Amino acid sequence: METYQKILEFFDIGVFYIILLIELVGIGVLVYTVIKALIGLMRRHDRVRLDLAEGIALSLEFKLGGELLRTVIVREWEELLILGAIVLLRAAMTFLIQWEIRIEKKHAEEQRQQKLSETEEKK
């Protein structure tokens, strides 16, 4: 029985560090995206909003992956309920950001088509 406890403890520690790594990647993606968006904003790039939304969505997906992996080491129902609420909130945020990305892409495509038609009319 003691061997089983040590294996379980080793497993928990391993999963915990994997979760930390996944969440650190998510944080790194978010920080990189924000810095890139600030630079793009100063340079007045057209796709700043879209790039920022895509980076935030990717970051949230890493964080969501970490939370899902955390369900492996949860021991009590209260922890599982809190974790479930966090997962639902992050999934809802990811859904809303993906929805905004689709709208922004559609808007950018419409603007591109309008610019193309304006340049063709000038010729």
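This structure is a prediction, so every number in the text was calculated from the model and none was measured.

(A) Representation of the overall build of the protein chain in the model. Helix and strand counts for the protein chain stand at three helices and zero strands. Traced from its N-terminal end to its C-terminal end, the protein chain shows the element sequence α-α-α. Whereas a compact globule of 123 residues would reach a radius of gyration of roughly 14 Å, the protein chain reaches 21 Å, over 25% beyond that. For the protein chain, the C-alpha atoms occupy an extent of roughly 85 × 25 × 20 Å along the three principal directions. Counting the 123 residues in the protein chain, one finds 23% classified as buried. For the protein chain, the accessible area works out to roughly 9700 Å², and carbon and sulfur atoms hold 66% of it. Side-chain charges in the protein chain split into 17 positive and 19 negative, and the spacing between the mean points of these groups amounts to 8 Å.

(B) Structural view of the environment of Gly 28. Mapped onto the fold, Gly 28 is located in helix H1 (residues 2-42). With 16 residues separating them in the primary sequence, Gly 28 and Asp 12 have C-alpha atoms 24 Å apart.

(C) Inspection of helix H3 (residues 77-122) at higher detail. The end-to-end C-alpha distance of H3 is 67 Å, a good match for the 68 Å that 46 residues give at a rise of 1.5 Å each. Those residues of H3 that fall on the buried side of the exposure criterion are Leu 83, Val 87, Arg 90, Thr 94, Ile 97, Ile 101 and Glu 104. In this fold, the buried residues of H3 make contact with H1 and helix H2 (48-70).

(D) Highlighting the nonpolar core. In this structure, Leu 50, Ala 53, Ala 57, Leu 60, Ile 97 and Ile 101 together form the largest nonpolar core, which totals six residues. Put simply, the parts of the chain that give this core at least two residues each are H2 and H3.

(E) Focus on the packing of aromatic side chains. Evaluated as defined, the whole model comprises one aromatic pair. Ring geometry for Phe 16 and Tyr 17: centres 5.6 Å apart, planes at 70 degrees, overall edge-to-face.

(F) Geometry of the layout of surface pockets. Estimates place the volume of the largest pocket at around 270 Å³. Every residue along the wall of the largest pocket is listed here: Asp 46, Arg 47, Arg 49, Leu 50, Glu 104, His 107, Ala 108, Gln 111, Arg 112 and Lys 115. Counting residues per element, the ones that place at least two in the lining of the largest pocket are H2 and H3. No other element matches the six residues that H3 contributes to the lining of the largest pocket. Of the residues in the lining of the largest pocket, the class split is two nonpolar, two polar and six charged.

What counts as what
Residues numbered from 1 in each chain as written. Predicted model: local features only at pLDDT ≥ 70, side-chain atom pairs only at ≥ 80, totals over all residues. Heavy atoms only, no water. Helix = DSSP H or I, 4+ residues; strand = E, 2+ residues; numbered from the N terminus. Rg over C-alpha atoms; globule rule 2.2 N^0.38 Å. Buried < 20%, exposed > 50% of the residue type's maximum accessible area, 1.4 Å probe, protein only. Areas by Shrake-Rupley, 256 points an atom, 1.4 Å probe, with all protein chains shown as cover. Lys, Arg positive; Asp, Glu negative; His and termini not counted. Charge placed at Lys NZ, Arg CZ, Asp CG, Glu CD. Expected span 1.5 Å × (residues − 1). Contact = heavy atoms within 4.5 Å. Core = buried A, V, L, I, M, F, W, Y, C linked by side-chain atoms within 4.5 Å. Phe/Tyr/Trp six-rings, centres within 6.5 Å; stacked < 30°, edge-to-face > 60°. 1 Å grid on protein atoms, 1.4 Å probe; cavity = no way out; pocket = protein on both sides within 12 Å on 5 of 7 lines; lining within 4 Å. Points joined across faces, edges and corners; volume = space filled by probe spheres on them. Nonpolar A, V, L, I, M, F, W, Y, C, P; charged D, E, K, R; others polar.

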